[in-house]
Amino acid sequence: PGLEPGLEPGYDVPALPGMSLAEIETPALLLDLDLAEANIALMAARAAAAGVALRPHAKSHRSAEIARMQIEAGAAGVCCQKVAEAEAMIRGGVPDVLLTNDLVDPRKMARAARLARTARITAIADDLSMIPAWSAAARAEGVELPMLVEIDAGSAACGAEPGAPAAEIAKAIDAAPGLRFAGMQAYCGVAQHIRSPAERRAKIEAAAERVRLTLDALERAGLDCPWITGGGTGSWEFEAAGPWTEVQCGSYVFMDADYQRDAAAPGQALGEFANALILLTTVMSKARPGVAMCDAGLKVQSMESGPPRILEPDPGNSGLEVLGCADEHARVADPNDLLRLGDRLRMTPGHCDPTVNLHDWLVGVRGDTVERLIRVSARGRSW
Ligand code: PLP
Ligand code: MN
């Protein structure tokens, strides 16, 4: 279903619907559909119960099909980092995109404004000097573009100084023809993977102070701020308790080994999400004792947030551990020499977003059967 006819398994796609797990060629990135659907439903329910809108970040999946699943479950739309990502989402039927990244190239602004002809598209800015260019782009397309001012929520990376400087940008947006001031983005990236939940909460409470400072400045400027967006999988429960009206969680649909390590401390919302993303790999060399080499290198998984977690065979009993990756190989410690040539291992990737971007397809499995292939339709679309 959903596949164009004539796709050859092995050549065009890693598997076909109806195949068993054993028939999937490796390396392949699997999506456990039961677990992904549960993650999508759970996040939607938790956000609704907390009284915030959910706008999942499509940077994690880069897949219009998964975006549509999230929207069907109640999401307000999606976030995108890149214009090319947004183009793929809108082409894939997503009606509402927030571009959460700052743009400086007028050609990219023109592409973003063009999208506003067929979908609701919102942009952000953290610098006064960008407002005339955005205004020109919107007017050239004959659209009115909603825009958010982005504040530094504590990452000291992107985002205007909270308070008066941010309000100056908001005023410029409000005054610019073709633009409409719609609210604020306050996303604290550095908070997401703070291991201690208490320290993570404190970081978001500090971000909330920055948001309030900015709300005061906007009020003094006579500007309404109905939309406050931010938060990710690691921190959203803290944003949901503060002045934010919307959360932007991305990784929750998949989870990964890094978030799994964050979730180890009990009592957090983070611990409720399941590892739905599985890298399936085969032992292709067992030439020396203590080591097995698998076909899951850097071209199919990212390692910068730490190694993947081996799910099966159970590393607790077997001592199996991924020691490192080369381009095409993963080196697995096999202290008891349990693995044989052709054995298959299942791993939770270390970091979901860059791993998914290395694959054209997610193999959607239910139980032991391939149900459907999910195209990573914005794969590689980083421009
Ligand atoms: N919002 C923004 C602006 C982001 O950059 C990110 C991820 O980096 C997210 C939301 C989603 O974060 P996560 O994947 O940790 O849920
Ligand atoms: Mn990430």
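As the structure is a computational prediction, the values presented were derived from the model and not from experiment. Sequence order as written defines the numbering, with residues in each chain counted from 1. Throughout, the order in which chains and ligands are written sets their labels, letters from A for the former and numbers from 1 for the latter. The model is predicted, so local features are restricted to residues of pLDDT at least 70 and side-chain atom pairs to those at 80 or more, both for listing and for counting; the totals for chains, interfaces and linings are taken over all residues. Processing note: side-chain calculations cover all non-hydrogen atoms of the structure and skip hydrogens and water entirely.

Engineer: Lay out the site of ligand 1 with the relevant residues and their values.
Structural biologist: The near set for a molecule or strand comprises every residue that places at least one heavy atom within 4 Å of it. Near ligand 1 lie 14 residues; those nearest to it are Lys59, Thr233, Gln248, Ser251 and Tyr259. Between ligand 1 and Lys59 there is a distance of 2.7 Å, counted from an oxygen atom to a side-chain nitrogen or oxygen. Thr233 is positioned with one of its side-chain polar atoms (N or O) 2.6 Å from an oxygen atom of ligand 1. All accessible-area figures derive from a Shrake-Rupley calculation using a 1.4 Å probe, and residue coverage is judged against the displayed protein chains alone. Look at ligand 1: alone it shows 400 Å² of surface, and the protein chains cover 89% of it. Pairs of N or O atoms within 3.5 Å make up the polar contacts considered here, provided that, within protein, one atom can donate a hydrogen while the other can accept it, and that residues adjacent in sequence are counted only when both atoms are side-chain atoms.

Engineer: Explain the side chain of Arg111 to me, using residue names and the numbers behind them.
Structural biologist: Note that Arg111 resides in helix α4 (residues 106-115). Residue classification places Arg111 among the buried positions, given a relative accessible area of 18%. Looking at Arg111, its side chain comes within polar contact range of the side chain of Glu87, at 2.8 Å. With sequence-adjacent residues up to four places away left out, Arg111 is seen in contact with Val83, Ala84, Glu87 and Trp383. Working definition: helices are DSSP H or I runs of at least four residues, strands are E runs of at least two. Numbering for both runs from the N terminus. Classification of residues uses two cut-offs on accessible area relative to the type maximum, computed with a 1.4 Å probe and protein chains only: under 20% is buried, over 50% is exposed, and between them is partly exposed. Between two residues, a contact is recorded if the distance between any of their heavy atoms is within 4.5 Å.

Engineer: Provide a residue-level description of the nonpolar core, including the pertinent values.
Structural biologist: Membership of the largest hydrophobic core comes to 60 residues, with the highest contact counts inside it found for Met89, Val97, Ile121, Trp134 and Leu179. With 6 residues, helix α7 (residues 197-220) is the single largest residue contributor to this core. Residues contacting Leu179, with those up to four places away along its chain left out, are Ile131, Trp134, Ser135, Ala138, Glu144, Leu145, Met147 and Ile173. Buried residues of nine kinds, namely Ala, Val, Leu, Ile, Met, Phe, Trp, Tyr and Cys, make up a nonpolar core once their side-chain atoms join them within 4.5 Å.

Engineer: If you had to explain the packing of aromatic side chains to someone new, which residues and values would you point to?
Structural biologist: Ring geometry is summarised as follows: Phe, Tyr and Trp rings, the Trp one being its six-membered ring, pair when their centres sit within 6.5 Å, and such pairs are stacked at plane angles under 30 degrees, edge-to-face over 60 and tilted between the two. The full count for this structure, using the stated rule, is 1 aromatic pair. Judged by centre distance (5.8 Å) and plane angle (70°), the rings of Tyr252 and Phe273 are edge-to-face. Of the two residues, Tyr252 is situated in the loop between β9 (246-247) and α9 (257-262) and Phe273 in the loop between α9 and β10 (277-285); the sequence distance between them amounts to 21 residues. There is no split in this pair, since Tyr252 and Phe273 are both buried.

Engineer: Account for unusual backbone geometry, naming residues and giving values.
Structural biologist: The omega torsion of the bond from Thr26 to Pro27 falls at 0°, within 30 degrees of zero and hence cis. The residue Pro27 is located in the segment before β1 (28-32) in this model. Notably, Met255 is not glycine yet its phi reads approximately 65°, a positive angle. Its location among the elements puts Met255 in the loop between β9 and α9. In this structure Met255 comes out as buried when scored by relative accessible area, which is 0%.

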